[in-house]
Structures are given as C-alpha cells and as structure tokens.
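Single-letter residue listing:
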Amino acid sequence: MKKKWIWFIPGLLAGFLIFGSGSVMVKHTSENEYCASCHIHPQATSSWMQSVHYITKSGTYTNCTDCHLPPHGQGYLIEKVKTGARDIWSQWTKDSASFNWDEKGQLENARHHVFESSCIACHQNLFPPELTKEGADAHLYYTSYKEKQPDLQCINCHLNAGHFIAGYTHGGNTGFGATSLSNMVTYQSPALVSRFENFKEQIPGSVVSFNMIAIPGGTFSLGSPDDEPLRDSDEGPVKKVSLDSFYMAEIEVSWDEYLAFYAQTSGEGRSSDTKGNGAKSQHTDAISGATPPYGQPDQGWGKGLRPAISISFHAAETYCKWLSGITGKNYRLPTEAEWEYACRAGSTDPYFFGGDPSRYQKSGLRAKISRNDTSVINSFVVYAENSRAKTQEPGFVTANPFGLKHMTGNVAEFCSDWYQADAYSQYSGDVIDNPKGPSTGTERVIRGGSYKDEAGMVRSAAREYTRTEAWLRTDPQMPKSIWWYSDCFYVGFRVVCEFDTKTGK
Amino acid sequence: MKTGISRRNFLGTTAAAGLTSLTFPSLLTGCSSEKGKKTTVEVMAFLDQAPDGPELKAGLIGCGGRGTGAAIDFLSAGPNLKIVALGDVLQDRVDACREELKKEKGHEIADENCFVGFDAFQKVIDSGVDVVICATPPFFRPEHFAAAVEARKHVFLEKPVCVDPVGARSVIATARKAAGLGLSVVTGTQRRHQRDYVETYKNVAEGMIGDIVAANCYWNQSKLWHFFPDPKWSEMEYMIRDWVNWSWLSGDHIVEQHVHNLDVIHWFTGKYPVKATGFGSRLRRVTGNQYDNFSTDFIFENGMHMHSMCRQINGCVNNVSEFIQGTKGSSNCRNSILDLSGTELWKYEYPATEDGQPGTEVKVGPYKQEHIDLVTAIRTGKPYNEGENTAMSTLVAIMGRISAYTGKEVTMDEMMNSDMKLGPEVFVMGPVNVSKDVPVAGEAYIPGSES
C-alpha cells in the first residue's frame, strides 16, 4: 500500500498541471468516480446505489459531494480543502485495513460527514403532501426546536438515506422482538431458593433463565482515593460502607430476558399519559408494559445474550417490578453502593484485575509514547479499545472474583440512586449502613462505563449519570416514549434480588 | 463521554432548553424607509370584489348556520363563483342550507351533490370542487382539512380549527403541506380581514404606541343556544345538534369563541404566550359539559402578561374586545389609538352611511372580505395561507382551557408535545363513548384530613 503513495504528491501536482485550471480540477475531484477511485471503501458505492438517494422515481440521483460537502457558496471550497487534506493525512498515516466502517457509519460519526445545509438545499419543503402523520410530527418537532437544539439534524432520523443499511428502521416498530424464542420448553414456575447460594432464575411463561450470584454482605470503601489515576472528584470522599447480603445477576439483563417481559406485557398503543403509568401501577396488580419501540432498539447488533439497550430507566424499573411479581421474589435495581461492592469483589485497586488506569489508556501523548500493554484489561472489559463500537456477549470476557461478567464496560448500568456530584460527602458517620443515595435529584446514577469508554471510565469507582433529554433527542413521537431511549445505546441494567437474613430466602 | 466541562454544566443547561419560536407566515412585510427611523408596514390591499376569472366551484362541509352563511359570503365575493356540493351528517341541515341558498342567491344544488353522513365530507371533496369550505363543529376540522389538502383543494376553514393539541399539530402540518402545494387557506378569524382592525394594526406595527407591554382580551356575552335531548335522536345526533355545549365538539367556549380575541393579540404582538394559569367554572350552563366562564393569565416568553376573560352568562356586563398597552400609548386594536394621557392620537375613519351620517361599519364586512381575499389569492396566483397562525391561536386557547380544567399551570411546550385527543373513536349515530363529566379542578377537602 505505502509504495503507491510515494507517487501521490507528484501525481497530484501533475494533475494540477494537466487540468491547468483550478475550476476544472475542483469539478473533476467532485465527481462520484473520483471519490470511488481514491477512497478505500468499496461498500460506500454499493450501499449508496442501494439507497433512496440513488433509486429514485425520476431516475436522477444524488452525488457524493451533494451530501458530503456543503452547497456551493456555503463553505463548499473550504470544506473541500479540509476533506482533501484529511484524506491525504489518513492515507499517509493510517492503515486503511484497520478502519471499522460499521463504526464510522453509526450516527454519531456519520453526522460529522454530512452537511445539514446540503440536506436543506434540496429538501426545501419539509411537508410534502405524502408525509405521514408520524413524519409530520417529527418535522414539526424539528422546525420548532431546531433553533435551541442544534443537534437536531436530518440525519438523526434519515441515517439510511444516503447509504442503504439492512434492517434500519426509523418508524414505529410494532414487530420488534416478535419472532425470537420459539420451539423451546417454557418454564412453568420460578426458581425455588432455600439457601443463600447461587441459583438459576426461571422466568415463568418463557423459555428464559439467568444466573443469580450470591454476594455475601460486608464492609468496603466506597469511592476512589484522591491519588487514583484518571479519577473524577465526584468519586470522593471515600466512605466506609456496610452492606447486607444480596443476589446479583451474573450478566446484564439480556435481550432474551427483556423480550420475555416485553412479550408478556407490551402495550399495543401508546399511553395517553405523558408522565407514564409507573406511579399508578404500583397500586395495582397489572403492570403496563412497554409500547412498541420507534426504530431499531438493538441497533442491528443482535439480541440473544447481548445486553438490552435503548431501555429507559422507567422501563428498567418496571421490568424489575414485573419480574418480582412473576417470581415471587424481590428484584430491583442495585444501589450505587451495592454495584460498586459487587464490582470491586474485595479489591481496593482501580480495577478488580489490578493495574494502573493510565497504563491502560490509549489516547493522549503519554499513551502513544509508552505503547501501553492492554492485554489484561482486554480480557476482562469490553471498552473502546476492543469493542468494535458495539456491545458484546458474556462469553467475550472473564468474570470478576464474585463471578459477575461485564461489571465494567459493555454497557453502563442503571443504579437506583439519584446522581449528585457530592453524594458521598452527604453521608455522615463512621460506617454507613446500606446507603441509598440522595433523596431527590433529576438524573440517576449509571455505573461501569461502556463499550464506548476508554480505560479511565471503566474503573470500579467511576461515576456517570443519565441524560434523559439528550437521550430522547431524535424520538419524533409526540409525546416522546417513556419506554425507549432513541439516542442512547450504551446503557443497560443488571438486577439484584434481596436476601432476607431472617427467613433465609 | 465524560468530560469535565460538559458534565458539570449539563443539568443546568438542558433544563432551560424548551420551545423555540415557531415561524409564522405573514402577509405583512416591514421595511425601513430611506429616511431612517420610521418603519412602513405594508398590509393587504383590500378589494371590494374579487377579480373575475374562470369559474371556481366550492363544496360546503357542515351546513348549519355558519356554514350556510359562509357559503353565501363565498358566492357574494365576486363573479363566477359557485357552490356545487353540500355535505352534513344531518339531512335537515342539508335541506335547509339548500333552501336558503336558493332563496338568498337563486342558487340550485343538484340532488346527486347533496351528501349526508360521517363520510359526506369526502364525497364533497371528491365531487369536482376547487374550494372546500369547512364549517362543521370544530372537532372534525383537522380531518376534513387534511382530506381537502390531500385532494389539492383550496380551503376556507371556520375557526376554531381544532379542539386539542393533536388536532392543532395536524392542522399546522396540513397548512404547511398546503403551502408546499401552492394552495390558499383562509380561516374564519375574520378580524384579520376587517379593514378597521387592519388599519389599526398598521399604525401599531409602525410604532404609534411604542413597544407592546401588556394585553387584555374579552369575550363576555350572554348564553348561547342549547337543545335538550329528543327521543328521536341518538346520543351522537343530540350532541352534534347541541355542539356548542360539549367540550369535545367545540373545545369549550374559550376555544370556540374567545379564539378570535386571543388571535388578535397573537397578531398584534407577533407572539404567542408560552404558559397559562387560568380558572373557570360552570355556573349557569344548561346542557353539555362545558364551563361558562374562564379567566386566564397568559405569560409570554419576555414576561409580558395577557389577561383573558370569557363568559356566556345572561344578566352580566358584556364586552367583546381587545386592549394593548404600549410604551407610548394604547389601543383597542379595532379603531382607536390613545397616547399615555388618554388623548386620542388616531381613529379609523369609517365611510359615511348612505344618508350621509357618520358611519360605524367598514365598507365591506369582514365575513365577506375573507372570502374576497381567498378568491383573490386563488385567481391572482398569490397563495395566502393563515392555517398555521390560526392553529397556534387555537392552541393558545386550548392551553387556557386545560389550565382551568386541571387547576395547573400549562406550558406551550407541553401543548406541543401532548397526545391529548378529545372525542370518541367510533362515529355512528348511536351512543357516544366520551366522558360527559364537567371537569373539576383541584382536590376536595376531606373532613378530618387536617389536624
């Protein structure tokens, strides 16, 4: 590969000479054939030719630069020069075989390579006569809120407009989860638990089971010391915490588990209560389950044992209530303290497998120079370095000393605590007994980091929190779903089951 | 994902993100004159008659009193205009309208173009008309408007244009589709077509009272009509005949009538309120489940307040008007502008009556003028579309109603995202599956609940 590029600069100069005039050059280098000739992504051409921007009623099609550069007179030349410079730099410094095109095709990356002004330049009428009610609601939302939310972009909902993506939907997805799990033996009853030891829970009326790990109670230090590398100040001050015994699920709630809930409870229509039915259903036996999602909640990554994602906090809590109801046990989300205790599994280091966070970090000058060895962390954690930008199944990693998998990385996990940066300093006393976090707040704690995070964020003590509004940004429904996040794929949850020391159950 | 700056600021900044300004198409263009400070605002040049042109055929959906009046106003707007189809859910309404058009305008409607039933609207739209006049009870307006624009028809929409937030968004979307198709949409907020109002608007917009800092508006009048149930009517037929007393059909009177005044303030300020706290009650209404009085404090984004009142009770003081206070003066929005000391700076000069007496009426009545403006827009190829404006004014009224019904503060953000849809799911001449309860705000006192 490299040898070819020795000829690149002279070739470029020769090109200028041959074409003689800049405008001819600009025109030539903006043609589809030119893009395809140089760019090392053959799939881009074929997926473009399968897209609605190529297959049109009139037979005209939209060219590469129509979307990937702004319109003429709106920064076209500047962006063209920038793009060209970036391409040349990449050709010289990077191995094109290492590019993960699936990752680059995901929304948050793709939006940097498509110009909103170019969409609007062609699509001047956002309310064509054939627009559906859902489309009209979405475009009305876009025009109403665009000014205050610059992140609202056409591509958020129309990711597949320029390049075909198999299975992509941005519409009501009433068939979601309908075909999985058939032809298998259905459990009639939940697991019986008589002693405090690991057990396999069975979801009655489904073919799904999952392992629960007995976590013996104890005392530990919540948070990270001031000198922990890559720590954030919200991880302190360190507090001594005492916890009762509890059970925690071996893995993050999987699509199989969540879809068992979805299949048994999902509502056909949308709730008319914009605030949700959660409060009401506490007082009744009936659980009102999730409405059908909008779009593809699993991102096309596959379901099965991968963690359920795009699930709202409300949905996760409702799942726990439902699971408690049909198993006769007391399932809930872990508290932040329980989560960290389970993750640490007796360790006081930044990670349960040891090591210095800054030695695992891949970005930054120091990391580049010292060529950090990441083989240890790679075997325990799905994070930015090894995830290929998506979630992975439990078999991908080794469990922690308690036997829990994916405690850090893969997906971040909801905790029941409200998030406050100074939550730990609000605790008083020498040893805090079963802390449950601040009594009020606006966003919830999420822990463990995800497939998107670098080494620093998958430390046992690292804290994060939900971003409810941003996570619903591109949900075009009015009102927005209380069950599904349209814009958050890196958070899931794990259940804990309470253990009653008096009854031993 | 976790960066020091963004995460610290996050909770503070996102809470502030809310509804931005919706854009409004406007007839009026402001332009600075060469000499500097004075702004000249151009308003629509009103014609006394629409220009001649190829025959325009209109169909009427909703043949009650207002529909029949609108049909006659349409026929009076200019030469070569015809009503060719009538539709209503009630046979006697169609018959009466047909009779009235014959008597008043010598206008005959063919038997095969008179439609009765819940699908009559589609048959009228499909009967070869160019213009559709929608004048049923407001509940049905969004669906009829969408069907008319789907069929590429120009539309006259009576106000209010919807009764709930879902309907309002539907009308906004349909209005935008109509704009994309080059269709004209005139709504029945006829003050915008009333020459004295428009002239006052021009003076206010040009700065005669300075910046507007407060507003009031009123529709306080005597009770409207009502019907009692009749054994030969189904519940659906009864409710539709008695529609101005039922919230799902009319939107309640703050929507059905008072939208006029709220629309005037929306028009003069160029803004709509972002939240409302109101109350109301039902003191003397005879049938249905509506209130008969509302009082609402509307607040605009810049903090400006608008107080709105409406009432339908006999034997009280009546007032149907608007008032705006500016930094340099005030106006009744209709025909008079005062300075801060109360001295009249300007008044509208009405044309003299036939016997030479000072007049009090505009030359062409607004109900006819709005049809002249519609036909003129169609025939001159200059589409005119006020559908979105009126949908927003109607939504403001709905916001006030919901605040009064619930006793809560209600925001425009909530309205824009609400899935509230009134009315039954099924439309047959039989029982109607809707709540007939009168809303009661707040919580009742429970004896012993306080110690």
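Residues numbered from 1 in each chain as written. Chains lettered and ligands numbered in written order. Predicted model: local features only at pLDDT ≥ 70, side-chain atom pairs only at ≥ 80, totals over all residues. Heavy atoms only, no water.

## What about the overall build of chain B?
Test applied: Helix and strand labels come from DSSP, where a helix needs a run of H or I of at least four residues and a strand needs a run of E of at least two; each type is numbered from the N terminus. By definition in these notes, contact holds between two residues if any of their heavy atoms fall within 4.5 Å. Each accessible area is a Shrake-Rupley result for a 1.4 Å probe, and residues are judged covered by the shown protein chains and nothing else.
Counting secondary structure elements, chain B contains 14 helices and 17 strands. Overall, chain B is about 70 × 70 × 60 Å in size when its C-alpha atoms are taken along their principal axes. Contacts in chain B between residues far apart in sequence, at least 24 positions, make up 73% of those at least 6 positions apart. Looking at chain B as shown, the accessible area adds up to about 19,300 Å², and 53% of this sits on carbon and sulfur atoms.

## Remarks on the sheet that holds strand S12 (residues 496-498) of chain A
Adjacent strands of a sheet pair through backbone hydrogen bonds, lying either parallel or antiparallel. Residues and elements named next belong to chain A. Heads up, the condition is: Pairing between two strands requires that DSSP report at least two bridges joining them. Simply put, an axis is a line fit to the C-alpha atoms, just over the touching stretch for a helix, and the angle between two N-to-C directions goes from 0 to 180 degrees.
With antiparallel pairing, five strands are arranged side by side in an open sheet as S1-S2-S5-S12-S6. Each having just a single partner strand, strand S1 (199-202) and strand S6 (331-332) make up the two edges of the open sheet. Looking at chain direction, S1 and strand S2 (residues 209-215) are connected through four bridges and run antiparallel. Residue pairing in the sheet places lysine 200 in a bridge with asparagine 211 of S2. The sheet strands contacting helix H16 (residues 336-344) are S2, strand S5 (246-249), S6 and S12, and the helix crosses S5 at an angle near 75 degrees.

## Comments concerning the sheet that holds strand S3 (residues 218-222) of chain A
Residue and element names in this part refer to chain A. With mixed pairing, three strands are arranged side by side in an open sheet as S3-S4-S8. The two strands at the open ends of the sheet, each matched to only one other strand, are S3 and strand S8 (431-433). Across the sheet, the axes of successive neighbouring strands diverge by a mean angle of 35 degrees, strand direction being ignored. In this structure, S3 lies alongside strand S4 (residues 239-243), joined through five bridges in antiparallel fashion. Residue pairing for S4: glycine 218 is matched across the bridge by leucine 243. Where H16 meets the sheet, its contacts fall on S3 and S4, and the angle it forms with S3 comes to roughly 100 degrees.

## Regarding the domain arrangement of chain A
Residue and element names in this part refer to chain A. The criterion, for reference: The domain limits used here are those given by an automatic or database domain assignment. Here the buried area means the combined drop in accessible surface, using a 1.4 Å probe, for two parts upon being joined, counting both sides. Here, a salt bridge means any Lys or Arg side-chain nitrogen found within 4 Å of an Asp or Glu carboxyl oxygen. Polar contact is defined as a pair of N or O atoms within 3.5 Å, subject to the rule that within protein one atom must be able to donate a hydrogen and the other to accept it, and that residues adjacent in sequence are counted only when both atoms are side-chain atoms. Residues are grouped as follows: nonpolar covers Ala, Val, Leu, Ile, Met, Phe, Trp, Tyr, Cys and Pro; charged covers Asp, Glu, Lys and Arg; every other residue, Gly included, is treated as polar.
Per the domain assignment, the segments of chain A are domain 1 (1-30), domain 2 (31-156) and domain 3 (199-503). A straight line from the C-alpha centre of domain 2 to that of domain 3 covers 34 Å. Taken residue by residue, the interface counts 13 residues in domain 2 and 11 residues in domain 3. Of the roughly 1,200 Å² buried between domain 2 and domain 3 on both sides combined, carbon and sulfur atoms contribute 52%. When the buried surface of domain 2 facing domain 3 is broken down by residue, Asn100, Gln106 and Tyr141 rank first, second and third, together holding 32% of it. Scanning the region where domain 2 abuts domain 3 turns up zero salt bridges. Viewed at the interface, domain 3 and domain 2 are joined by two residue pairs in polar contact (both at pLDDT 80 or more). If you tally residues by element for the side of domain 2 that touches domain 3, the top one is helix H11 (residues 133-145), at four residues. Class assignment for the residues of the side of domain 2 that touches domain 3 results in three nonpolar, four polar and six charged.

## So, the confidence of the model for chain A
Residues shown with low pLDDT carry predicted positions that ought not to be read at fine detail. Spelled out, the test is: A residue's pLDDT is the confidence the predictor assigns to it, expressed on a 0 to 100 scale.
When pLDDT is averaged along chain A, the result is 84, and 86% of the positions lie at 70 or above. Under a pLDDT of 50 for its full length, residues 268-285 of chain A has, in the predicted model, 25 contacts with residues more than four places off or in other chains.

## Thoughts on the pattern of salt bridges
The line we're drawing: The buried label applies to any residue whose accessible area, calculated with a 1.4 Å probe on protein chains only, is under 20% of its type's maximum; exposed applies above 50%, and partly exposed to all values in between.
One pass over the structure, following the stated rule, counts 38 salt bridges over all chains. In this structure, Asp298(A) engages Lys303(A) in a salt bridge whose closest nitrogen and oxygen atoms are separated by 3.4 Å. Judged by relative accessible area, Asp298(A) falls into the buried class, the value being 4%. Accessibility expressed as a relative area gives 28% for Lys303(A), which makes it partly exposed. Residue Glu55(B) pairs with Lys82(B) through a salt bridge whose shortest N-O separation is 3.2 Å. Residue Glu55(B) is located in the loop between strand S2 (39-42) and strand S3 (56-61), and its partner Lys82(B) is located in strand S4 (residues 81-88); the two are separated by 27 residues in the primary sequence. Lys82(B) sits in the partly exposed class, given a relative accessible area of 37%. Beyond isolated ion pairs, a larger network of salt bridges with shared partners links Glu336(A), Glu340(A), Arg344(A), Arg447(A) and Arg463(A).

## Considering the environment of Trp243(B)
Counting through the fold element by element, Trp243(B) comes out in the loop between helix H8 (235-241) and helix H9 (247-250). Discounting residues that sit within four places of it in the chain, Trp243(B) has contacts with Pro137(B), Pro138(B), Trp225(B), Leu249(B), Ser250(B), Glu256(B) and Gln290(B).

## A look at helix H13 (residues 255-265) of chain A
Residue and element names in this part refer to chain A. For H13, the tally of buried residues reaches nine of 11 residues, placing the bulk of the element in the interior. Those residues of H13 not exposed but buried are Trp255, Asp256, Glu257, Tyr258, Leu259, Ala260, Phe261, Tyr262 and Thr265. Check the buried side of H13 and you find it contacts S2 and helix H15 (313-327).

## Some words on unusual backbone geometry
Here the bond from Gly236(A) into Pro237(A) is cis, since omega is -5 degrees, no more than 30 degrees from zero. With respect to the helices and strands, Pro237(A) occurs in the loop between S3 and S4. A cis amide bond, omega -20 degrees, links Lys159(B) with the succeeding residue Pro160(B). Inspection of the secondary structure puts Pro160(B) in the loop between strand S7 (154-157) and helix H6 (165-180).

## Quick word on the packing of H11(A) against H6(B)
This is how it is decided: These descriptions rest on fixed angle ranges, namely under 35 degrees for roughly parallel, over 145 for roughly antiparallel, 65 to 115 for roughly perpendicular, and the rest for oblique.
The geometry of H11(A) relative to H6(B) is characterised by a closest axis approach of 10 Å and an angle of 85 degrees between their N-to-C directions. It follows from the interaxial angle that H11(A) and H6(B) lie roughly perpendicular. Contact with H11(A), carried on its side by Lys133(A), Ala136(A), Asp137(A), Leu140(A) and Thr143(A), involves Val166(B), Arg169(B), Ile172(B), Ala173(B) and Arg176(B) of H6(B) and no other residues of that element. Considering only residue class, the contact of H11(A) with H6(B) consists of five nonpolar, one polar and four charged.

## What to know about the state of the cysteines
Residue and element names in this part refer to chain B. To be explicit about the condition: The criterion for a disulfide is a pair of cysteine sulfur atoms lying within 2.5 Å.
Throughout the structure, instances matching the rule amount to zero disulfides over all chains. Residue cysteine 310 stays outside any disulfide, its sulfur separated by 8.6 Å from that of cysteine 217, the closest cysteine. Here cysteine 310 falls in the buried class, since its relative accessible area comes to 2%. Unpaired in this structure, cysteine 333 has its nearest cysteine sulfur neighbour in cysteine 217, at a distance of 9.0 Å. For cysteine 333, a relative accessible area of 0% translates into the label buried.

## Comments concerning the pairing of strand S16 (residues 344-347) of chain B
Residues and elements named next belong to chain B. Summarising the sheet, strand S15 (residues 336-339) and S16 pair through three bridges and their orientation is antiparallel. What sits directly across from isoleucine 337, in S16, is tryptophan 346. The turn linking S15 back onto S16 is made up of four residues, and glycine 342 within it adopts a positive phi angle of 95 degrees.

## Re the nonpolar core
Selection criterion: Residues enter a nonpolar core if they are buried and are Ala, Val, Leu, Ile, Met, Phe, Trp, Tyr or Cys, with the set joined through side-chain atoms within 4.5 Å.
If you look at the biggest cluster of nonpolar residues, it comprises 124 residues, and the most contacted ones within it are Ile83(B), Leu86(B), Leu101(B), Phe268(B), Ile324(B) and Met412(B). Top contributing element to this core by residue count: helix H13 (residues 387-406) of chain B, with 10 residues. If sequence neighbours within four positions are ignored, Leu86(B) has contacts with Leu60(B), Cys63(B), Val94(B), Cys97(B), Arg98(B), Leu101(B), Ile109(B), Asn113(B), Cys114(B), Phe115(B) and Val124(B). Listed in part, the 53 residues of the second largest apolar core include Ala191(A), Tyr262(A), Val397(A) and Trp484(A).

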